[in-house]
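Below are the chains, spelled out letter by letter.
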Amino acid sequence: MGTRLLAAPPEGSELKPVRGAPGLPYIGNTLQVMRNPFGVARERYDQFGEVSWGWLLGQRTVTVQGPEAAETVLINRDKAFANGPAWSYFIGPFFYRGIMLLDFEEHLHHRRIMQQAFTQKRLRAYLDAMAPSIGKGLDAWEPARGFKVYDHLKQLTLDLATDVFMGIELDRAEADRVNGAFIDAVRAGTAYVRFPVPGLRWHKGMKARKVLEEFFKSNLPAKRRDGGDDLFAALCEAQTDDGDRFTDEDVVNHMIFALMAAHDTTTITLTTMAYYLAKHPEWQERLREESQALGKPVLSFEDLDSMVSIDMVMKESLRLVSPVPALPRRAVKDTSILGYHIPAGTTVVVPQLTNHYMSEWWPDPEKFDPGRFSGERREDKVHKYAWSPFGGGAHKCIGLHFAGMQVKSILHQLLLRYRWSVPARYEWPLDTTSLPSPKDGLPVRLERLENTA
């Protein structure tokens, strides 16, 4: 199929219709976008500009490229775009009423309560609680050739999520059961068959949701009674100045969503950092020297801002591989983006993953160059939404400071314990069919350092 218009603008309007090459109904460009998002995005931009449409995972979807279009959608000044209907299509059955799936006044109400779980005092407690668990997890790694970084980091972040977020001691079998449920729930979001056929992703996701609900409901009474320094306790105790608190059902919904959001995005970010630090050993040594110069085996809250090199590598890794590759919204009324008519009911997607590769905004975008984020260069300042891995507007990630804190804490301890490398010509096979991850698990040669902190 050739170029087609999404919908005609209202009569007398100066708005332009959105053009696109939709492909086959329902299927459309889904396979191409998942397998080669960068190539498809560039081709679309060159042919149609910032705003185009096509079929994606069974929906007529408008894709908006570049920071100006992203700002229009994410800032959402006229409240034309809603999160809930868009995200619910992908993950609603598995992450029902998570903070990201709420909108407008209800979202603001829940966010005000949830912010009590991310105060500086709470963040300090989380950091102190996770440091020993990070060390224990890393010490258990077995140096070898072919050591799969992604698999080990995922296990570490899952264990931290159950330990620091839940504050519940689980035996290995129970921890694996809960962790497995999170993995199945996440993978279900990009299922091709979107109804519960036994054995397929969607069905596994539905079963996983029930496992997680039962787990949190059974542990909630004790958590409300005993409290603690973990996120589960924080959500149970959170209260605004007006006395608003979460119901038991709210706590369960937010815990399921928060644990998914925390461990998956952190795993992807750390894996990306590990990959590029293996490919660029000069940067790995620079970060290691920074950590060694600190003279401390674990980071304290006051140390976070001083880890400048880790911060630059983290930001460049978030640019190169955005853990949440796309942000969907649903138009709840007729609106416009950059002069294009967007009819009510349209799904609109901001593709973070490919927006960060636009040469119009990023010089030599495929190059790993953490110096972009140095105080002297700050290439991300070319536009407020040129770099936006945490989204923006009212729905900007509420846990972004926690995420940065956790990444720095893990990488600091990792750098002090190990050196890792890959063959000179190795290029990782990045799987973008769901959340981005290496198909091969990122095999490296892992060596333990003699003088560990």
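Look up: the structure comes first, before these words.
One structure accompanies this document, and this report is about it. Not measured: the values here are computed from a predicted model. Per chain, the residues get numbers from 1 upward, laid out in the order the sequence is written. Only residues with pLDDT of at least 70 are given local features in this predicted model, and only at 80 or more are side-chain atom pairs given and counted; all residues enter the totals for whole chains, interfaces and linings. Processing note: side-chain calculations cover all non-hydrogen atoms of the structure and skip hydrogens and water entirely.

## Observations regarding the packing of aromatic side chains
Part 1 of the argument: By convention, a stacked pair of Phe, Tyr or Trp rings (six-membered ring in the case of Trp) has centres within 6.5 Å and planes under 30 degrees apart, an edge-to-face pair has planes over 60 apart, and any other such pair is tilted. Tallied over the full model, the rule gives 19 aromatic pairs.
Part 2 of the argument: Relative to W202, the ring of F94 has its centre 4.9 Å away and its plane inclined at 75 degrees; by these criteria the two rings are edge-to-face. Here the residue F94 occupies a position in the loop between α4 (84-91) and α5 (104-114), and W202 occupies one in helix α9 (residues 201-226), the gap between them amounting to 108 residues.
Part 3 of the argument: On the basis of relative accessibility, which here comes to 9%, the residue W202 falls in the buried class.
Part 4 of the argument: Among the aromatic residues, those joined into a ring-pair cluster are Y275, Y276, W283, F368, Y426 and W428.
Part 5 of the argument: Only Lys NZ and Arg CZ are tested; either one counts as a charge over a ring when it is within 6 Å of the ring centre and within 35 degrees of the ring normal. One Lys or Arg, K16, reaches over the ring of Y340 and ends 4.3 Å from the middle of that ring.
Part 6 of the argument: Over the face of the ring belonging to Y357 we find R319, whose NZ or CZ atom lies 5.8 Å from the ring centre. Runs of H or I in DSSP of at least four residues are treated as helices and runs of E of at least two as strands, each being numbered from the N terminus. Three labels apply to residues, based on accessible area from a 1.4 Å probe with only protein chains included: buried if under 20% of the type maximum, exposed if over 50%, partly exposed otherwise in between.

## So, the pairing of strand β7 (residues 327-331)
Part 1 of the argument: A large share of β7 lies buried, amounting to five of its five residues.
Part 2 of the argument: On β7, burial covers both faces: L327, R329 and A331 on one face and P328 and R330 on the other are all buried.
Part 3 of the argument: The pairing criterion is simple: DSSP has to find at least two bridges between the two strands. Looking at chain direction, strand β5 (residues 81-82) and β7 are connected through two bridges and run antiparallel. Along β7, the bridge assignment pairs A82 with R330.

## Points about the packing of α9 against helix α11 (residues 248-279)
Part 1 of the argument: Two elements in contact, α9 and α11, have axes separated by 9 Å at closest approach and are oriented at 120 degrees. Here α11 runs oblique to α9, going by the angle between their axes. In this structure, α9 crosses over α11, and the sense of that crossing is right-handed. Contacts between α9 and α11 involve R209, L212, E213, F216, K217, L220 and R224 on the former and, on the latter, D248, V251, V252, N253, M255, I256 and L259.
Part 2 of the argument: When the residues that make up the contact of α9 with α11 are grouped by side-chain class, the tally is eight nonpolar, one polar and five charged. In this analysis, axes come from line fits to C-alpha atoms, helices being fitted only over the stretch in contact, and the angle between any two N-to-C directions falls in the range 0 to 180 degrees. Roughly parallel means an angle under 35 degrees; roughly antiparallel, over 145; roughly perpendicular, 65 to 115; everything else is oblique. Should the near helix be turned anticlockwise from the far one by less than a right angle, the crossing is left-handed, and should it be turned clockwise, the crossing is right-handed. Residues are treated as being in contact if the distance between any of their heavy atoms lies within 4.5 Å. Throughout, the ten residues Ala, Val, Leu, Ile, Met, Phe, Trp, Tyr, Cys and Pro are labelled nonpolar, Asp, Glu, Lys and Arg are labelled charged, and all others, Gly among them, are labelled polar.

Treat this as a map of the structure, not an account of what it does.
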